[in-house]
Amino acid sequence: MTDTLRPAEAATPGQPADSPQKLKRSIGVVGGTLLTLSCVTPASTLFVVVPDLFGTLGTATALTIAIGSLLCIAVAFCYAELGTLIPSAGGEYAMVSTLAGRLTGWLVFVLSLLVVMIVPPVIAMGTADYLAPVVHLDPSLTGAAVMLLATLAGLLDLRANAWITGIFLVLEVIAAAVVAVLGFAHGHRGLGSLVSMQVAGAHGHTDAVTGVLVVSGLAIALFVTQGFSTAVYLSEELEHPRRDVARTVLATLAISTVIILVPVAAITMGATDLKELTGGDISAMVTAWSNTAVGTFVSLCVALAIVNAGIVMVIQNSRVLFASARDKAWPTPVNTLFSRLGRFGSPWVATLAVGVPGALFCFVDLDTLYGVTGVSVTAMYLLVAVAALLGRRDAHRHTPAWRMPLWPAMPVLLIVVLAYVLTQQDVSYLLWTGGITAVATLYWALYLRPRAATHWLVSLPEDTRP
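Residues numbered from 1 in each chain as written. Predicted model: local features only at pLDDT ≥ 70, side-chain atom pairs only at ≥ 80, totals over all residues. Heavy atoms only, no water.

### A short note on the side chain of Thr268
Mapped onto the fold, Thr268 is located in helix α11 (residues 241–270). Polar side-chain contacts of Thr268 include one of 2.8 Å to the backbone oxygen of Val264. Beyond its immediate chain neighbours, meaning those up to four positions away, Thr268 contacts Phe54, Thr59, Arg189, Ser193, Leu194 and Leu277. (Helix = DSSP H or I, 4+ residues; strand = E, 2+ residues; numbered from the N terminus. Polar contact = N/O pair within 3.5 Å; in protein donor to acceptor, adjacent residues only side chain to side chain. Contact = heavy atoms within 4.5 Å.)

The following block contains the structure:
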């Protein structure tokens, strides 16, 4: 029998002080969408992650992202159903633990923690590049400053952060729109270039992009719109989770796909030649299409977008760590610290615990960890799909929740495709991720499993409103 978990009873005023702590429900679907969309960070993804894809995939970049976005529809269906079925700040691990067993949930937690700890500092270090038109700064020091600023913002009330990130998000969308308009206006090739599958090779030669390269690139393409899962992490703080989680997940995926994919298509068509496109210097292209002032404006918008991304990612990461401590994943003193809430209702110790190390990571060479992140995201999505396949059995069959169309075909197809994508990844990235997973399994076997009665008890908050 699968070692799954049943939802814990919610804490009430008459319960003991050590009852599971609950986060405050303070945001609606608009605030949740702003926070979730900000975690996708369309502009920072467009200017920081996509250039690497241009360097590998050339004109096939837009096609790869489009395929990844289609796969993400199935992933979003899984998240929307499981997020309303199991509305917990633990996100993926709470859903998977409840439906597919404690060990599987623990491994999903490790994969998600790996992703959210690596990505913020990597993106934060890109801030210096986009502040260059105004001031030249050291990338590591600037990234560390961004992470510390994001940590301070993460200590505030979530409603305040929704407005902060919403303002920054408007600037992100404006920057992406400027790039799209300029790219299409200066198009050097037609729509056919979006499926031409070419990349600039060595010595000025043109190389063909193979199907294998596209499949390999899907791991990063999945990461490009990965932030829609933040809606699940915020489900404990949404005022009507049964209704708003699905709306937030699906709306965020649709909006972020448009904001990212349209400028990518414009850049592909607007680049002067294949070498310029493969080089991926989007800021230089924008300046060439317009003037220095416009290029500087877009760069500053991107810098703000990266700060915005840092704020939302710190918020997300702290909720994951808070939930893991509340569910007693660590030794008792650590659990006590990480589950403390501050005066604004935010888990302040957990926020510091993810923000400060993120600042330190800015001084570490994390280039190869992009590949590890892609593998981790793909593996995490695969396990979420497995949980979605099991989500309608036993006690959960009649639980009020948003239900995906085409079940069980949707999660089955997703499992097959993601398993194949994993087989096409670089062996070194698979070994890094596999090694971390092996260590996590040992921790489970030696510490958590012998304490099954008192540790790793996934608790779900009270959810009384439809």
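### Some details on a nonpolar patch on the surface
On the surface, Leu148, Trp348, Leu352, Val356 and Leu360 cluster together into a nonpolar patch covering about 430 Å² of accessible area. Here the nonpolar patch takes 4 residues from helix α16 (residues 348–361), the largest share from any one element. Structurally, Trp348 is set in helix α16. Its relative accessible area of 37% is what places Trp348 among the partly exposed residues. (Patch = residues over 30% accessible without salt bridge, like charges linked within 9 Å, V, L, I, M, F, W, Y side chains within 5 Å. Areas by Shrake-Rupley, 256 points an atom, 1.4 Å probe, with all protein chains shown as cover. Salt bridge = Lys/Arg side-chain N within 4 Å of Asp/Glu carboxyl O. Buried < 20%, exposed > 50% of the residue type's maximum accessible area, 1.4 Å probe, protein only.)

### Examining the nonpolar core
Counting residues in each nonpolar core, the largest one holds 143 residues, and the members touching the most others are Tyr79, Trp106, Phe109, Phe228 and Ile267. With 17 residues, the top contributor of residues to this core is helix α14 (residues 292–326). (Core = buried A, V, L, I, M, F, W, Y, C linked by side-chain atoms within 4.5 Å.)

### Looking at the packing of aromatic side chains
Scanning the entire structure with this criterion turns up 13 aromatic pairs. Plain terms: the ring middles of Trp106 and Trp330 are 5.8 Å apart, the flat faces sit at 65 degrees to each other, and that makes the pair edge-to-face. Pair noted here: Trp106 is in helix α5 (residues 102–124) and Trp330 is in the loop between α14 and α15 (332–338), with a separation of 224 residues, a long-range link. By relative accessible area, which is 3% here, Trp106 ends up buried. Judged by its relative accessible area of 18%, Trp330 is buried. (Phe/Tyr/Trp six-rings, centres within 6.5 Å; stacked < 30°, edge-to-face > 60°.)

### A short note on the packing of helix α9 (residues 211–224) against helix α18 (residues 409–423)
Following both chains from N to C, one finds α9 and α18 inclined at 110 degrees, their axes separated by 8 Å at the closest point. In terms of their interaxial angle, α9 and α18 are classed as roughly perpendicular. As α9 runs across α18, the sense of the crossing is left-handed. For the pair α9 and α18, contact is made by Val215, Leu218, Ala219 and Leu222 and by Leu418, Tyr420 and Val421, respectively. In terms of residue class, the contact of α9 with α18 is built from 7 nonpolar, no polar and no charged. (Axes fitted to C-alpha atoms, helices over the stretch in contact; angles between N-to-C directions. Parallel < 35°, antiparallel > 145°, perpendicular 65-115°, else oblique. Left-handed = near helix turned anticlockwise from the far one by under 90°. Nonpolar A, V, L, I, M, F, W, Y, C, P; charged D, E, K, R; others polar.)

### Remarks on unusual backbone geometry
The step from Trp407 to Pro408 runs through a cis peptide bond, and the omega angle for that step is 5 degrees. In this fold, Pro408 is placed in the loop between α17 (369–389) and α18. In the Ramachandran plot, Met197 falls in the positive-phi region, its phi being about 60 degrees despite a non-glycine side chain. The residue Met197 is located in the loop between α8 (158–185) and β1 (198–200) in this model. Backbone geometry at Leu406 places phi at a positive 60 degrees, although glycine is not the residue there. With respect to the helices, strands and loops of the structure, Leu406 is situated in the loop between α17 and α18.

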